[in-house]
Amino acid sequence: KWPRREVGALLALTAATAVLSFSYLGSRTAPQDPLDATGTALSESVTLDGSAVSLWVYPGISFGGSMTVTDANGSTVFEKELNYGTCFSWTANNVQLAAGTQLTVMVENAQLFELAFRDANGRLVPVTGGGALFDEQTAVPDTISQLNSMYFDEIYHGRTGYEQLHKMPVYETTHPPLGKDLIMVGIALFGMTAFGWRFAGTLFGVLLVPLAWCFVRRLTRKPWAAATAGVLLALDFMRFSQSRLATIDVYGTFFILLGAYCMVWYCQRVLTDGVNRALLPMALGGVAFGLGCAAKWTGIYAGAGLAVLYLGVLWARRQQGRPGFWAEFRLAALGGVLFYVVLPLCIYVASYLPYWWRQPDFSLGDWWRCQLSMYSYHATLKATHPFESRWYTWLLGLRPVWYYRNGSLPYGMKASIAGMAGPVIWVVGLAALVGLFWHQVSGRGSRQGAAVLILYGTQLIPWMLVTRCTFLYHYFPSSMFCLAALALVLARMRRRDWARRLCAGLCAAAAVLFAVYYPALSGLPIPAWWADALEVLPSFGFY
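In this report, we go over the structure that sits alongside the text. The structure displayed is predicted, hence computed values, not measured ones. For every chain, the first residue of the written sequence is number 1, and numbering continues from 1 along that sequence. Confidence filtering applies because this is a predicted model: local features only for residues at pLDDT of at least 70, side-chain atom pairs given and counted only at 80 or more, and all residues used for totals across whole chains, interfaces and linings. The basis for the side-chain values is all heavy atoms of the structure; hydrogens and waters are excluded.

As for the overall build of the chain
- Elements are defined by DSSP. Helices are runs of H or I of four residues or more, strands are runs of E of two residues or more, and each kind is numbered from the N terminus. Secondary structure summary: the chain contains 18 helices and 11 strands in total.
- Every radius of gyration here is taken over C-alpha atoms, with the globule rule written as 2.2 Å times N^0.38, N being the number of residues. Against the compact-globule benchmark of 24 Å for 543 residues, the chain has a radius of gyration of 26 Å, which places it among compact chains.
- By principal-axis analysis of the C-alpha atoms, the chain measures approximately 95 × 55 × 45 Å.
- Each residue's exposure class comes from its accessible area (1.4 Å probe, protein chains only) as a fraction of the maximum for that residue type: buried when under 20%, exposed when over 50%, partly exposed otherwise. Residues classed as buried in the chain amount to 56% of the 543 residues present.
- Contacts: residue pairs with any heavy atoms within 4.5 Å of one another. In the chain, the proportion of contacts linking residues at least 24 apart, taken out of those at least 6 apart, comes to 76%.
- Per element, the accessible surface of the chain, about 22900 Å² overall, is 63% carbon and sulfur.
- His residues and chain termini do not enter the charge count, which takes Lys and Arg as positive and Asp and Glu as negative. We put the charge of a Lys on NZ, of an Arg on CZ, of an Asp on CG and of a Glu on CD. Put simply, the chain has 40 plus and 29 minus side-chain charges, and the middle of one group is 24 Å from the middle of the other. Working definition of accessibility: Shrake-Rupley area with a 1.4 Å probe, residue cover restricted to the visible protein chains.

Here's the deal with the pairing of strand β10 (residues 416–419)
- Because side chains alternate across β10, one face comprises the buried residues Ser 416 and Ala 418, and the other comprises Ile 417 and Gly 419, equally buried.
- Whether two strands pair comes down to DSSP finding at least two bridges between them. In this structure, strand β8 (residues 401–405) lies alongside β10, joined through 4 bridges in antiparallel fashion. From the neighbouring strand, Val 401 faces β10, where its bridge partner is Gly 419.

Some remarks on the packing of helix α7 (residues 249–273) against helix α9 (residues 298–319)
- Relative to each other, α7 and α9 sit at 5°, their axes nearing to 10 Å. Regarding the angle of α7 to α9, the classification is roughly parallel. Across from Ile 256, Gly 259, Ala 260, Met 263, Tyr 266, Cys 267, Val 270, Leu 271 and Asp 273 in α7, the residues of α9 making contact are Thr 298, Gly 299, Ala 302, Leu 306, Leu 309, Tyr 310, Val 313, Leu 314, Ala 316 and Arg 317.
- Each residue belonging to the contact of α7 with α9 can be placed in one class, and the counts come to 14 nonpolar, 3 polar and 2 charged. The axes used here are C-alpha line fits, helices contributing only the stretch in contact, and every angle between their N-to-C directions lies in the interval 0 to 180 degrees. Relative orientations are named as follows: roughly parallel for angles under 35 degrees, roughly antiparallel for angles over 145 degrees, roughly perpendicular for angles from 65 to 115 degrees, and oblique for any other angle. Residues were grouped as follows: Ala, Val, Leu, Ile, Met, Phe, Trp, Tyr, Cys and Pro as nonpolar; Asp, Glu, Lys and Arg as charged; and all remaining residues, including Gly, as polar.

Notes on the packing of aromatic side chains
- Each Phe, Tyr or Trp ring, with Trp reduced to its six-membered ring, pairs with another whose centre is within 6.5 Å; inter-plane angles below 30 degrees give stacked pairs, above 60 give edge-to-face pairs, and intermediate values give tilted ones. Under the criterion given, the structure shown has 56 aromatic pairs.
- Taking 5.1 Å as the distance between ring centres and 75° as the angle between the ring planes, the aromatic pair formed by Phe 204 and Tyr 251 counts as edge-to-face. Placement of the pair is Phe 204 in helix α4 (residues 194–220) and Tyr 251 in helix α7, with a sequence separation of 47 residues. For the residue pair Phe 204 and Tyr 251, the accessibility class agrees, reading buried in each case.

Side note on α4
- Here a helix's expected span is defined as the number of its residues, less one, multiplied by 1.5 Å. Counted at 1.5 Å a residue, the expected span for α4 with its 27 residues is 39 Å, and the 39 Å between its end C-alpha atoms agrees.
- What is called the bend at a residue is the angle between a pair of axes, fitted to the seven residues leading up to and ending at it and to the seven starting from it. If you look at α4, its biggest bend is around 35°, right at Ala 200.
- In the stretch just after α4, Arg 221 is the one whose phi turns positive, near 60°.

Some remarks on the environment of Asn 73
- By the secondary structure assignment, Asn 73 is in the loop between β3 (52–71) and β4 (76–82).
- Each C-alpha atom, one on Asn 73 and one on Phe 113, is 26 Å from the other, the two residues being 40 residues apart in sequence.

Remarks on the packing of α4 against helix α16 (residues 476–491)
- It is the contact of α4 with α16, at a shortest axis distance of 10 Å, that shows an interaxial angle of 45°. When the axis of α4 is compared with that of α16, the two are oblique. When the axes of α4 and α16 are compared, the crossing they make is right-handed. Here Leu 208, Ala 212, Phe 215, Val 216, Leu 219 and Thr 220 of α4 come into contact with α16, specifically with Phe 476, Met 480, Phe 481, Leu 483, Ala 484, Ala 487, Leu 488 and Ala 491.
- A breakdown of the residues in the contact of α4 with α16 according to their chemical character gives 13 nonpolar, 1 polar and no charged. Handedness of a helix crossing follows the sense of rotation of the near helix relative to the far helix, less than a right angle counterclockwise being left-handed and clockwise being right-handed.

Below, the structure written as C-alpha cells:
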C-alpha cells in the first residue's frame, strides 16, 4: 500500500523535477505572423529610420526558397537561402546601411516571420513600412541562443508539429507521427515558441520520474529502492537533455517503460490470481505498446521482451498445477491477439489522424506507402555523422552527441548542449546488470532479475544488428532497465543499512555530477576553463 508519506515524497520529487526541467527551457515569445510566400513570391518595402550594421532573420517553413534584399538602385544588399535547416532559428547577418535607405525584401517559396535591423550599439533600428516582416518587433530577442531558436533535429520534428497543426504538407516522414502529434499539442497551447515546441517532451521527461518510481516499487516491493530510482532518474543527464529537445525519443522511452510496468503488473497478477483477474494490466499494456510503436519504431523492439514475459508467465502459471489452466491459456491467447496486436495497430493507424485532417482523401493505401517509405529510408540510409557511435560504446556513454553550440558569446565564454550518459545509472547500472546476469546463469537468480534482463536485452540486441548511423540517445530506453537493475540489486542486499547508505551515496554523487555538468546539458554560458574541464574523455568533444 501507498502511505501518505510516500505519496507526498513522490509528488514533491515530481514537482522538483518539473521545476528543474522547465527552467531555462525556452522563450515563450516569438513572432507568430509570417509573410507566407509558399509557392509564390512576395515583397515588402521598408525604409530605415537609422543606420544599421546587422540584419536579423527569422524564417519559417520552406521547401527550398530564398530571400533577397535590394536597395532603391536595384543592387543586392543581402540574400539568403531558406531551406529546411533555417526554420524557426534566428541568424544575425552583417550589413552596412545608412539612415533613410529604402529597401525591397523579396521572399520566394518560403515563410519569413520577422526581420530586424540593429545599429552599432545593438539597439533595434526603427523602420517605416515593412508590412508583415516588421510587425512584431517586440518579439525580437536581445540575443540569439537555443532559448529562441531551434537546434539539432528540432528542425525536423518541431517543424512537423507546426505543419500538422496548420494542415501543411509534412517535411519529416521518417518516423511515425505520434511524437510529432504530441509536439503539436504543445505548440497549440503555447504558440510556435521554443517553450511551445519543447513543452510536451519536457512534460513526458518529468513524468518518467514517477513512472520509474512506480515500476521499481512494483518490481522490488521496496519503497526506499523506488525512491532511489526516482531521484537518480530525476538527475540523469540523458533524461534531462533529451526531454528538453523537441525530438521524439522521450515519448518512445516513456511508453516502453509504461509497457514494462503493465507487463510486470500483469505477470504478478497472473501468478497470484489467474489470467481472468489480470485483464486490466493486459489491456493497459497493449495500449502502452501501441503508443510506443506509434511514437517510434523502437517500441517494436520492446514488444519482443513483452512477448517473452507474456508467454513465460503462462508457463510459470502452468507449473503451479492449479486446475483450469487451459481455460486461462485460451483467455490469454485471445487477450494477446486483441490487446497486443489489434489494439496497437488501431492506435498506430490513429496516430495518422493529422494526415487525414490535412488531406481528407488520405487512404489506407497511402498509409501503407508511408510505412514502406519509412522502412526504405532506414534500411538504405548511408549518412555519416561526426557524433555517431556504435552500440558497445553506449554502455559506458563514451561518445556524447553534440546538439548545440552558442557562437554569439564574448571571448572566454562557452555554451553547448550535449546528449550525455548519466554516470550513475549507466555505469553503476551496467555493473548491476552484469551481477544480475551472473546470478541468473549460476542458478541463484529470480523472476524479477530475469524480467529486467529480458526487457534490457530485447531493447538493446536489435541495435547490434543495425549497420546505419546510430547515436548514444538510441540507448535511452535501455537505460531505464539499467536503473531497474541497479534498484533491484540494492533491494536484494542482505544488509539493509548498507544498502540505504549506498543509495544515499549514489544520489549524492548524481546530484554533484548533475550540478557540475548542468551547463553542458542546458546550454548555460560558462567560462571557458569550466567548459574545457568537462571534457574528461578525448571522445567527448562538445565544446
